[in-house]
Amino acid sequence: MTQSMVTIEGLTELANDLIIQNTALRNRLDAAETQRDELLEALKYLYAVTETPPDKNCRCHIDPPCSDCIEYRGLREAINFARKAIAKAKGEVR
Ligand SMILES: [Zn+2]
């Protein structure tokens, strides 16, 4: 007899295990989506209340690092990063 030992009971047990794993995975995904949405809302809020830095006026070619870069480089990079992340979350950018 070469028939495998597949039984209805065995398949039922396997199906139950898969359902439990699927539910656990779904719960973790839901939690991750909720966390992502909360972080995105926080980022949007920070973005909305953050004062936009003045246009770039780099004079590093004369005397690096210039006061414009010292003062605003980090903020400009953070705002640019936030804009991209928000656009990506909205599905505007891949
Ligand atoms: Zn500069």
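Please read all numbers here as calculations on a predicted model, not as lab measurements.

> So what's going on with helix α1 (residues 8-49)? Residues and values would help.
In an α-helix, one turn spans 3.6 residues; hence positions three or four apart end up facing the same way. With 42 residues, α1 ought to run about 62 Å at 1.5 Å a step, and its terminal C-alpha atoms sit 61 Å apart, in line with that. When you tally the buried positions in α1, you get zero out of 42 residues, a small fraction of the element.

> Outline helix α2 (residues 67-89), listing residues and values.
End to end, α2 covers 34 Å across 23 residues, agreeing with the expected 33 Å (1.5 Å per residue, within 8%). Its axis deflected by about 45° at R73, α2 carries its strongest bend there. Where α2 ends, the next residue or the one after it, G91, has phi of about 85°, a positive value.

> Any chance you could break down the domain arrangement of the protein for me, citing the residues and the numbers?
You can read the domains of the protein as domain 1 (1-49) and domain 2 (52-94). The gap between the C-alpha centroids of domain 1 and domain 2 is 38 Å. In this complex, domain 1 contributes four residues to the contact, which on the side of domain 2 involves four residues. Split into classes, the residues belonging to the side of domain 1 that touches domain 2 amount to three nonpolar, no polar and one charged.

> Outline unusual backbone geometry, listing residues and values.
Along the chain, P64 connects to P65 via a cis peptide bond; the corresponding omega equals -15°. Mapped onto the secondary structure, P65 falls in the loop between α1 and α2.

What counts as what
Throughout, a residue's number is its position along its own chain's written sequence, starting from 1. Restriction of local features to residues with pLDDT of at least 70 applies here, the model being predicted, together with a cutoff of 80 or more for giving and counting side-chain atom pairs; totals for whole chains, interfaces and linings are based on all residues. Counting from the N terminus, the helices are DSSP H or I runs at least four residues long and the strands are E runs at least two residues long. Take the residue count of a helix, subtract one, and multiply by 1.5 Å to get its expected span. A residue is called partly exposed when the number of other C-beta atoms within 10 Å of its own lies between 12 and 20, exposed at 12 or fewer, and buried at 20 or more, with C-beta atoms placed from the backbone. What is called the bend at a residue is the angle between a pair of axes, fitted to the seven residues leading up to and ending at it and to the seven starting from it. Boundary definitions for the domains trace back to an automatic or database domain assignment. A pair of residues counts as a contact when their C-beta atoms, built from backbone coordinates, are within 7 Å of each other. Residue type decides the class: Asp, Glu, Lys and Arg count as charged, Ala, Val, Leu, Ile, Met, Phe, Trp, Tyr, Cys and Pro as nonpolar, and the leftover types, Gly among them, as polar.

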